[in-house]
Amino acid sequence: MQTIVCMKWGNRYGDEYVNRLWSMIKRNTRRPTRLICFTERPEGIHPEVERRPLPEIDLPERVRWLPWRKLSLWNPAIEGLGGDVLFLDLDMVITGSLDDFFDYEPGAFGIVRNWTQPRSQIGNTSLYRWKAGSYPEIYTNFQADPEKILRDFRIEQQYISHVIKNVVFWPPDWCVSFKHTLLPRWPLNLVVTPKLPINARVVAFTGKPDPDEAAVGHWPEEKPWKRIYKRVRPTPWIAENWR
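In short, a report on the structure. Bear in mind that the values here come from a model prediction, so they are computed numbers and not experimental data.

## What to know about the pattern of salt bridges
Phase 1 of the analysis: Evaluation of the coordinates by the stated rule reveals 14 salt bridges.
Phase 2 of the analysis: The residue Asp89 makes a salt bridge to Lys70 at a minimum N-O spacing of 3.1 Å. Residue Asp89 is found in the loop between β4 (84-88) and β5 (92-94), and its partner Lys70 is found in the loop between β3 (50-52) and β4; the two are separated by 19 residues along the sequence.
Phase 3 of the analysis: If you follow the salt bridges from partner to partner, you end up with Arg12, Lys208, Asp210 and Glu213 in one network.

Put into structure tokens, the structure is as follows:
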């Protein structure tokens, strides 16, 4: 049984994001696979998804609902996880086999190489695989002195990449960023529709636009002057896969 986990907290994403994720997982796995969603609001999530409370973690209030909460998954007290576990953010569009992520160098810590820092050893935690119970110090050291770690690292993926030295990065064409990899640069983004690479397994929608917005060509932007260049053409392949 392959185990995939996700987290949903606050109001950023509704239950439909979990349900679509589960639907995409089922279409893109050959082996038996389960999805566990850690959330404080399980209402509306498909009954086939295993719903669990958010893991315990003591977070300073200013980062309580930021991605630092992902560190709670390294809590060694979490029960029911074993072997290699794959984590997926909710704002992902799955376009190919997820089994490949379990087959690629099993037992190692696998992660996306950060698209904005391609020459660094920093991973992007939109999608990563870890061996359950490994590297408990990620959680315990943070709990021992969260303020020090928050001073030393701007975001949680920098901290994780600092602790784990033996990192395996996924092949770059497996995990692509919609905004940083596929979206044509200005001004081409005004006239060219983003194309889906043939070997892509997962497309990450970090920040804005979200999948539903990019599918119809809408990029929400509060600052009017940014609307000049923050534009995306309607992208039909998103709706074809994000369902």
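## A short note on the side chain of Asn124
Phase 1 of the analysis: Position of Asn124 among the secondary structure elements: in strand β7 (residues 123-131).
Phase 2 of the analysis: A residue is classified by how much of its surface remains accessible, and Asn124, at 8% relative accessible area, is buried.
Phase 3 of the analysis: Of the polar contacts made by the side chain of Asn124, one reaches the side chain of Ser126; its length is 2.6 Å.
Phase 4 of the analysis: Look past the residues within four positions of Asn124 in its chain and what remains in contact with it is Ile111, Val112, Asn114, Trp115 and Gln157.

## A few points about helix α3 (residues 137-144)
Phase 1 of the analysis: The complete set of buried residues in α3 reads Ile138, Tyr139 and Phe142. Projected down its long axis, α3 shows its buried positions confined to an angular sector of 95°, all on one face.
Phase 2 of the analysis: The secondary structure elements touched by the buried residues of α3 are α4 (146-152) and α5 (156-163).

## Some words on the nonpolar core
Phase 1 of the analysis: Counting residues in hydrophobic clusters, the biggest one holds 44 residues, and the most contacted among them are Leu127 and Phe178.
Phase 2 of the analysis: It is helix α1 (residues 15-27) that contributes the most residues to this core, six residues altogether.
Phase 3 of the analysis: Once residues within four sequence positions are removed from consideration, Phe178 is found in contact with Leu183, Pro194, Val203, Ala204, Phe205, Pro209, Ala214, Val232, Thr235, Trp237 and Ile238.
Phase 4 of the analysis: Judged by nonpolar contacts, the second largest core, of 32 residues, contains Phe38, Tyr128, Tyr159 and Val167.

## So, the layout of surface pockets
Phase 1 of the analysis: Estimated volume of the largest pocket: approximately 790 Å³.
Phase 2 of the analysis: Taken together, 29 residues form the lining of the largest pocket, with Pro67, Lys70, Asp89, Thr206 and Gly207 sitting closest to its centre.
Phase 3 of the analysis: Broken down by element, the lining of the largest pocket gets its largest block of residues, three residues, from β7.
Phase 4 of the analysis: Its residues assigned to classes, the lining of the largest pocket shows eleven nonpolar, ten polar and eight charged.

## Here's the deal with unusual backbone geometry
Phase 1 of the analysis: Cis rather than trans, the peptide bond between Trp186 and Pro187 has omega equal to 10°.
Phase 2 of the analysis: Relative to the assigned elements, Pro187 resides in the loop between α6 (178-182) and β10 (202-204).
Phase 3 of the analysis: Each neighbour pair has its own omega, and for Lys208 with Pro209 the value is 0°, a cis peptide bond.
Phase 4 of the analysis: Residue placement: Pro209 occurs in the loop between β10 and α7 (211-215).
Phase 5 of the analysis: In this model, Glu105 sits at a positive phi of 45°, which is unusual for a non-glycine residue.
Phase 6 of the analysis: With respect to the helices and strands, the residue Glu105 is situated in the loop between α2 (99-103) and β6 (109-113).
Phase 7 of the analysis: You can call Glu105 partly exposed: its relative accessible area is 42%.
Phase 8 of the analysis: Here the phi dihedral of Tyr135 falls at roughly 50°; this positive angle occurs in a residue that is not glycine.
Phase 9 of the analysis: On the basis of relative accessibility, which here comes to 27%, the residue Tyr135 falls in the partly exposed class.

## Quick word on the sheet that holds strand β9 (residues 175-177)
Phase 1 of the analysis: An order of β5-β10-β9 is seen for the three strands of this open sheet, with the pairing classed as mixed. Edge positions in the sheet fall to β5 and β9, since each of these pairs with one other strand and no more. The sheet shows a mean angle of 20° between the axes of neighbouring strands, taken without regard to direction.

What counts, and at which threshold
- Residues numbered from 1 in each chain as written.
- Predicted model: local features only at pLDDT ≥ 70, side-chain atom pairs only at ≥ 80, totals over all residues.
- Heavy atoms only, no water.
- Salt bridge = Lys/Arg side-chain N within 4 Å of Asp/Glu carboxyl O.
- Helix = DSSP H or I, 4+ residues; strand = E, 2+ residues; numbered from the N terminus.
- Buried < 20%, exposed > 50% of the residue type's maximum accessible area, 1.4 Å probe, protein only.
- Polar contact = N/O pair within 3.5 Å; in protein donor to acceptor, adjacent residues only side chain to side chain.
- Contact = heavy atoms within 4.5 Å.
- Arc of directions from axis to C-beta.
- Core = buried A, V, L, I, M, F, W, Y, C linked by side-chain atoms within 4.5 Å.
- 1 Å grid on protein atoms, 1.4 Å probe; cavity = no way out; pocket = protein on both sides within 12 Å on 5 of 7 lines; lining within 4 Å.
- Points joined across faces, edges and corners; volume = space filled by probe spheres on them.
- Nonpolar A, V, L, I, M, F, W, Y, C, P; charged D, E, K, R; others polar.
- Pairing = 2+ DSSP bridges.
- Axes fitted to C-alpha atoms, helices over the stretch in contact; angles between N-to-C directions.

By themselves these figures say nothing about function.
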